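Here is how the chains run, residue by residue.
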Amino acid sequence: MRVEFEKSLLMSGNDYRLTPFLSLHHPTIEEILQINQGCFCERIYWQYVQFLLSDPYSNMVFLDDIGKNFMETSPFDVFMLQWEQPFPTNFVDDALQLFITEKHHFVKSQYADGSFCLAATDNTNCQITREIYEYLCEWVKAINKINDDDQIHPADESARQILIEDMRQELKKRQKRTDAKPTNRIGNLMSAVAFGGNGAITPFNLPKCKLYWIFEAFHVENKKANASHILDGLYHGTLSSKDVNQEELDWTK
């Protein structure tokens, strides 16, 4: 199933009613800053995102250890498998409730046919099925402007095994590092759009901004600056019109 949210919905900042019991929530910067009372809030936020997306590629070592091929495993399957892993108290509920409007406590449940879902303890009709999860997953990706363009697609089994071992070694190196730097991706974007943008977003209204807005503000500002450089080059004769991709001049797309 192909799920895609329109840009106009993301720009509205509105939540999205998915079922009679569930709405997808678009968090604000302020809500992210409130995670763990602000201490390591961004680092924890990205842990929430990683858990909710349950990307098989990112979890290839975990899947290999339990005898599963990441190329044949869906994000929903990884999501269900991760429910068997130990997490800090309230981690799962907090991750879900950052992107779900209604407040529920979910537990892993199983249908008669053996398939899994999450069911709310206060209302068993409120469920996160495979289909609902796919909407949630794409919602989180869209808000954070996440794509998988940089992922490697192994051509054969030998290449897959090499990729897994490379990832395993990388994970071991990360575990040994004691000089881990703070996670500042959102913080850097906040600074960039507030002090280097067009003035629409300022330190005074940043907390109320929806998360997608700061990603998009930075993206638009870069495209606009690029278009200006191209036009300047055309005007001064340092660029030829035949060498210019006309789509780059339309910074509104």
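Scroll up to find the structure.
What counts and what doesn't
- Residues numbered from 1 in each chain as written.
- Predicted model: local features only at pLDDT ≥ 70, side-chain atom pairs only at ≥ 80, totals over all residues.
- Heavy atoms only, no water.
- Helix = DSSP H or I, 4+ residues; strand = E, 2+ residues; numbered from the N terminus.
- Buried < 20%, exposed > 50% of the residue type's maximum accessible area, 1.4 Å probe, protein only.
- Areas by Shrake-Rupley, 256 points an atom, 1.4 Å probe, with all protein chains shown as cover.
- Lys, Arg positive; Asp, Glu negative; His and termini not counted.
- Charge placed at Lys NZ, Arg CZ, Asp CG, Glu CD.
- Salt bridge = Lys/Arg side-chain N within 4 Å of Asp/Glu carboxyl O.
- Pairing = 2+ DSSP bridges.
- Axes fitted to C-alpha atoms, helices over the stretch in contact; angles between N-to-C directions.
- Phe/Tyr/Trp six-rings, centres within 6.5 Å; stacked < 30°, edge-to-face > 60°.
- Core = buried A, V, L, I, M, F, W, Y, C linked by side-chain atoms within 4.5 Å.
- Contact = heavy atoms within 4.5 Å.
- Parallel < 35°, antiparallel > 145°, perpendicular 65-115°, else oblique.
- Nonpolar A, V, L, I, M, F, W, Y, C, P; charged D, E, K, R; others polar.

### A few points about the overall build of the protein
The secondary structure content of the protein amounts to 10 helices and 5 strands. Counting all 253 residues of the protein, 37% fall into the buried class. Taken as a whole, the protein presents about 15,100 Å² of accessible surface, with 51% of it coming from carbon and sulfur. Looking at charge distribution, the protein has the averaged site of its 25 positive side-chain charges lying 4 Å from that of its 36 negative ones.

### Quick word on the pattern of salt bridges
Once the charged atoms of two side chains with opposite charge are near each other, the side chains can pair. Overall, the coordinates contain 12 salt bridges when judged by the stated rule. Notably, a salt bridge pairs Glu216 with Lys7, separated by 2.7 Å at the nearest N-O pair. On the criterion of sequence distance, the pair formed by Glu216 in helix H10 (residues 211-236) and Lys7 in helix H1 (residues 7-12) is long-range, its members being 209 residues apart. Taking relative accessible area as the criterion, Glu216 reaches 5% and is therefore assigned buried.

### Quick notes on the sheet that holds strand S5 (residues 123-128)
Spatially, the 3 strands line up as an open sheet ordered S3-S4-S5, and their pairing is antiparallel. The strands lining the two open edges of the sheet, one partner per strand, are strand S3 (106-110) and S5. Across the sheet, the mean angle from the axis of one strand to that of its neighbour is 45 degrees, orientation sign disregarded. Bridge count between strand S4 (residues 116-120) and S5: 3 bridges; the pairing is antiparallel.

### Some points on unusual backbone geometry
Residue Asn90 is not a glycine yet carries a positive backbone phi of 70 degrees. Relative to the helices and strands, Asn90 resides in the loop between helix H5 (75-82) and helix H6 (91-99). On the basis of relative accessible area, Asn90 is assigned to the partly exposed category, the value being 48%. In this model, Lys145 sits at a positive phi of 50 degrees, which is unusual for a non-glycine residue. Its location among the elements puts Lys145 in the loop between helix H7 (130-143) and helix H8 (157-176). Owing to a relative accessible area of 32%, Lys145 belongs among the partly exposed residues under this scheme.

### A short note on the pairing of S3
Here 5 bridges tie S3 to S4, and the two strands are oriented antiparallel to one another. What sits directly across from Phe106, in S4, is Ala120. Linking two consecutive strands that pair antiparallel, namely S3 and S4, is a turn of 5 residues; a positive phi of about 95 degrees is found at Gly114 within it.

### Concerning the packing of aromatic side chains
Where two aromatic rings form a pair, the distance of their centres and the angle of their planes describe that pair. Taken as a whole, this structure holds 15 aromatic pairs when the rule is applied. On the numbers, 5.1 Å between centres and 65 degrees between planes, the contact of Tyr48 with Phe91 is edge-to-face. Of this pair, Tyr48 sits in helix H3 (residues 41-53) while Phe91 sits in helix H6, and the two are 43 residues apart along the sequence. Note on accessibility: Tyr48 and Phe91 belong to one class, buried. Ring geometry for Phe51 versus Phe91: centroids 5.7 Å apart, planes at 70 degrees, classification edge-to-face. Here Phe51 is found in helix H3, whereas its partner Phe91 is found in helix H6, with 40 residues between them in sequence. For Phe91, a relative accessible area of 8% gives the class buried.

### Concerning the nonpolar core
Note on soluble globular proteins: their nonpolar side chains tend to be buried together. Counting residues in each nonpolar core, the largest one holds 55 residues, and the members touching the most others are Tyr45, Leu96, Phe99, Phe106 and Ile214. Of all the elements, H3 adds the most residues to this core, at 9 residues. Not counting residues up to four positions away in its chain, the partners in contact with Ile214 are Ile29, Ile186, Leu189, Met190, Val193, Ile201 and Leu206. Residues Tyr57, Phe70, Leu163 and Met167 belong to the second largest nonpolar core, which totals 9 residues.

### Structural notes on the packing of H3 against H6
Taken N-terminus to C-terminus, the directions of H3 and H6 make an angle of 85 degrees; their axes are 10 Å apart at the nearest point. Judged by the inter-axis angle, H3 sits roughly perpendicular to H6. Within the contact between the two elements, H3 uses Tyr45, Gln47, Tyr48, Val49, Phe51 and Leu52 and H6 uses Phe91, Val92, Asp94, Ala95, Leu96, Leu98 and Phe99. For the contact of H3 with H6, the per-class residue count stands at 11 nonpolar, 1 polar and 1 charged.

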